[in-house]
Amino acid sequence: MVFDSTETASREELREVQDGRLRETVRNAYENVEFYRETFDAAGLSPADIESVEDLSKLPFTTKEDFRDHYPTGMFAVDMDDVIRVHASSGTTGKPKIVGYTREDLDVWSKAVARCLVAAGVGSDDVVQNAYGYGLFTGGLGLHQGVEELGATVIPIGGGNTQRQVELLSDLGSDVIACTPSYALYLAEVADDMGTDIRDLPLRTVIFGAEPCTEPMRNEIEERLGVTGIDIYGLSEIVGPGVSVECEAQDGLHIWEDYFYPEVVDPNTGDPVEEGEEGELVLTTLAKDALPVLRYRTGDLTTLDYDTCECGRTCVRMDNITGRSDDLIIVRGVNFYPSEVESVVLEFDEIAPHYRIDLRREGSLDRVEITVELVEEFGGSLSDLEGRIQKRLSNVLSFTPDELHLVEYGDIARTEVGKVQRVYDHRGQ
Ligand code: DLL
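What counts as what
Residues numbered from 1 in each chain as written. Predicted model: local features only at pLDDT ≥ 70, side-chain atom pairs only at ≥ 80, totals over all residues. Heavy atoms only, no water. Phe/Tyr/Trp six-rings, centres within 6.5 Å; stacked < 30°, edge-to-face > 60°. Helix = DSSP H or I, 4+ residues; strand = E, 2+ residues; numbered from the N terminus. Buried < 20%, exposed > 50% of the residue type's maximum accessible area, 1.4 Å probe, protein only. Lys NZ or Arg CZ within 6 Å of the ring centre and 35° of its normal. Contact = heavy atoms within 4.5 Å. Patch = residues over 30% accessible without salt bridge, like charges linked within 9 Å, V, L, I, M, F, W, Y side chains within 5 Å. Areas by Shrake-Rupley, 256 points an atom, 1.4 Å probe, with all protein chains shown as cover. Salt bridge = Lys/Arg side-chain N within 4 Å of Asp/Glu carboxyl O. Lys, Arg positive; Asp, Glu negative; His and termini not counted. Charge placed at Lys NZ, Arg CZ, Asp CG, Glu CD. Pairing = 2+ DSSP bridges. Axes fitted to C-alpha atoms, helices over the stretch in contact; angles between N-to-C directions. Left-handed = near helix turned anticlockwise from the far one by under 90°. Nonpolar A, V, L, I, M, F, W, Y, C, P; charged D, E, K, R; others polar. Expected span 1.5 Å × (residues − 1). Domains from an automatic or database assignment. Buried area = accessible area lost by both parts, 1.4 Å probe. Right-handed = clockwise from strand over helix to strand, strands pointing away.

Asker: Would you mind going over the packing of aromatic side chains with me for this structure?
Answerer: Counted according to the given criterion, the structure contains 8 aromatic pairs. Look at F67 and Y296: their rings are 5.5 Å apart centre to centre, the planes differ by 80 degrees, and that puts the pair in the edge-to-face class. Of this pair, F67 sits in helix α3 (residues 64-69) while Y296 sits in strand β12 (residues 296-302), and the two are 229 residues apart along the sequence. A relative accessible area of 1% places Y296 in the buried class. Looking at R297, its charged tip hangs above the ring of F61, at a distance of 4.8 Å from the centre. If you follow R414 out to its NZ or CZ, it ends over the ring of Y409, 5.7 Å from the centre.

Here it is, written out as structure tokens:
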């Protein structure tokens with residue numbers, strides 16, 4: 001099942017649509033956004049030089065800093081009169097990035113999310129509990145309008161209110177819940193405390209996104225909630241949730257390429273990588289009027305796979321994002337990603353799927369402290385467990401963390417609303 005026929009169009013048909021929309025997007029950006037006009041002029045380019053997606057590499061990238069420098073609405077291509085909604089990115093430092101939508105943009109976004117829902121196996125007779133935050137964050141309203149576009153039933157509960165979430169899962173028999181992966185696990189914990197086993201409820205799918213989720217974490221969610229976990233990806237600057245999603249094959253996220261054109265580049269040089277090689281995802285919007293974005297450096301690391309998927313969709317698939325280029329932690333000359341710690345944490349039945357990483361500086365030396373939580377029923381030897389976890393961490397990270405704290409179940413703060421924070425860098429303080 002697909003939401004619309006573009007999802008299975010031939011690559012040639014798709015290319016034609018992309019090229020036409022790209023020309024229109026470039027013209028809109030050049031004529032209506034001073035930043036793009038200056039960028040083109042400085043590069044000695046005119047919109048006529050960009051005839052097809054193959055010409056995109058002539059253009060410089062758009063970055064987060066460009067959004068910051070043109071805060072709040074300097075990247076908009078239309079007057080505020082034509083903007084019918086704004087949202088903002090959930091960045092934790094500095095000013096947020098403000099994004100705007102015309103009525104047509106909202107229509108494109110709704111359709112993108114509706115495609116995601118259908119790919120995730122959601123039908124028009126399903127009940128979708130939307131536990132993404134409503135408000136400036138794109139997750140809540142973004143998912144909401146997609147469910148309405150599809151004609152399924154949306155429960156707009158938003159983030160938090162966890163006991164109520166569990167009650168509604170049961171009372172309204174929600175078929176699907178949309179939330180962050182860390183929240184899905186928290187939900188299972190709260191349900192346990194309430195004496196409810198979510199596995200006994202009708203819930204069959206969790207559409208998780210907005211945060212990285214490693215494969216072991218997905219397995220944990222699927223097992224604890226008795227569901228299929230479907231990964232949805234997106235970012236405010238490009239549209240919000242709905243840029244890409246897994247289908248039921250769970251083998252990569254289909255990017256809606258007639259709306260968003262993907263490239264993968266080497267994060268250091270900006271050069272394109274070979275197909276199938278990992279690099280930074282760069283996106284160009286192809287159907288946005290209020291905020292056309294050319295070659296945006298997402299910071300997210302992934303690979304692209306152009307083979308047709310077993311579901312029949314022809315749109316390229318990106319790999320699940322388990323890290324951003326700026327997540328890389330560099331300590332005493334060793335590099336590691338939080339996802340590597342996560343994969344070790346999830347290997348041990350004796351510890352819960354929660355962790356935090358604290359980075360501190362003592363004198364001129366950096367220290368890494370990792371905190372993990374024992375499961376509620378833990379009754380074994382602490383020192384033995386600590387030794388085994390440290391050994392695994394040393395193998396995976398290629399160094400031994402300075403300290404490993406094993407704390408009681410529930411001691412690591414849970415995130416009820418918004419995105420989970422796992423890394424606390426105290427070094428600059
Ligand atoms: O997080 C949009 C969204 C809402 C996506 C709900 C999915 C579900 P921002 O707040 O602008 O937008 O944050 C975007 O979050 O660049 C990624 O680093 C990260 N991210 C989003 N989805 C995923 C995912 C929303 N499925 C930033 N896996 C992006 C990993 C994700 N990281």
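More follows now that the structure is in view.
Asker: How do you make sense of the environment of V176 when you look at a structure like this?
Answerer: Within the fold, V176 resides in strand β5 (residues 176-179). On the accessibility criterion, V176 (0% relative accessible area) is buried. The spacing of V176 and L281 is 105 residues in sequence and 29 Å in space, taken between C-alpha atoms. Setting aside chain neighbours within four positions, we find V176 in contact with V122, V127, V128, Q129, L203, R204, T205 and I207.

Asker: How should a negative patch on the surface be read in this particular structure?
Answerer: Together, D79, D81, D82, E104 and D289 make up a negatively charged patch on the protein surface. Here E104 is to be found in helix α4 (residues 103-119).

Asker: Looking at this structure, I do not really get the sheet that holds strand β19 (residues 403-407). What am I missing?
Answerer: For sheets, the rule is that strands pair by backbone hydrogen bonds, running either parallel or antiparallel. Within the open sheet, the 4 strands sit side by side as β19-β18-β17-β20. Their pairing is mixed. Looking at the sheet topology across the chains shown, the edges are occupied by β19 and β20 (423-425). Averaged over all adjacent pairs, the angle separating strand axes in this sheet is 15 degrees, with direction ignored. Sheet contacts for helix α9 (residues 338-345): β17 (351-362), β18 (365-374) and β20; angle to β17, the most-contacted strand, approximately 140 degrees.

Asker: Can you help me understand the sheet that holds β12 in this one?
Answerer: Strand order across the open sheet formed by 3 strands is β10-β11-β12, with antiparallel pairing between neighbours. Edge positions in the sheet fall to β10 (260-265) and β12, since each of these pairs with one other strand and no more. Going from strand to strand, the sheet's axes swing by 35 degrees on average, the running direction of each strand aside. Looking at chain direction, strand β11 (residues 279-285) and β12 are connected through 4 bridges and run antiparallel. The residue bridging V282 from the neighbouring strand is R297, located in β12.

Asker: Mind showing me how you'd approach the packing of α9 against helix α10 (residues 382-397) here?
Answerer: Contact geometry for α9 and α10: axes closest at 10 Å, N-to-C directions at 145 degrees. Crossing geometry of α9 relative to α10 is assigned as right-handed. Of the residues in α10, those touching α9 at E340, V341 and V344 are I389, R392, L393, V396 and L397. Class assignment of the residues belonging to the contact of α9 with α10 gives a composition of 6 nonpolar, no polar and 2 charged.

Asker: How should α4 be read in this particular structure?
Answerer: Because each turn of an α-helix spans 3.6 residues, side chains separated by three or four positions in sequence point in the same direction. Across its 17 residues, α4 extends 24 Å between first and last C-alpha, which sits within 8% of the 24 Å expected from 1.5 Å per residue. Burial within α4 is extensive, with 13 of its 17 residues counted as buried. Downstream of α4 by a residue or two, G121 has a phi angle that is positive, lying close to 90 degrees.

Asker: Explain the pattern of salt bridges to me, please; I cannot follow it from the model alone.
Answerer: Pairing of side chains with opposite charge becomes possible as their charged atoms draw close. A complete count under the given rule lists 40 salt bridges for this structure. The salt bridge involving E7 is made with R313; its shortest N-O contact spans 2.8 Å. In this pair, E7 is assigned in the segment before α1 (11-32) and R313 in the loop between β13 (304-305) and β14 (317-318), connecting sequence segments 306 residues apart. Summarising the burial analysis for this pair, E7 and R313 share the class buried. Between R360 and E369 there is a salt bridge, with the nearest N and O atoms lying 3.0 Å from each other. Taking the relative accessible area as the measure of exposure, R360 reaches 32% and is therefore partly exposed. For E369, a relative accessible area of 9% puts it in the buried group. Through salt bridges with shared partners, one network takes in D4, R21, R115 and D258.

Asker: When you look at the domain arrangement of the protein in this model, what are you seeing that I'm missing?
Answerer: How big an interface is tends to be expressed through the accessible area that disappears when the partners come together. As far as domains go, the protein holds domain 1 (1-324) and domain 2 (328-425). Distance from the C-alpha centre of domain 1 to the C-alpha centre of domain 2: 30 Å. For the pair domain 1 and domain 2, the summed buried area comes to about 1600 Å², and 55% of that belongs to carbon and sulfur atoms. Contact with domain 2 buries area across many residues of domain 1, yet Y186, E189 and M217 alone supply 27% of it, more than any other trio.

Asker: Is there a simple way to think about the pairing of β5 in this case?
Answerer: Residue alternation in β5 divides its side chains into two sets, V176 and A178 and I177 and C179, and both sets are buried. Pairing analysis gives 3 bridges linking strand β3 (residues 127-130) to β5, with the strands arranged parallel. By the bridge assignment, N130 is partnered in β5 with A178. Of the pairings in the sheet, the one linking β5 to strand β6 (residues 205-209) comprises 4 bridges and is parallel in character. Opposite C179, over in β6, you have F208 as the bridge partner. Following the chain from β5 across helix α7 (residues 181-193) to the adjacent parallel β6, one finds a crossover that is right-handed.

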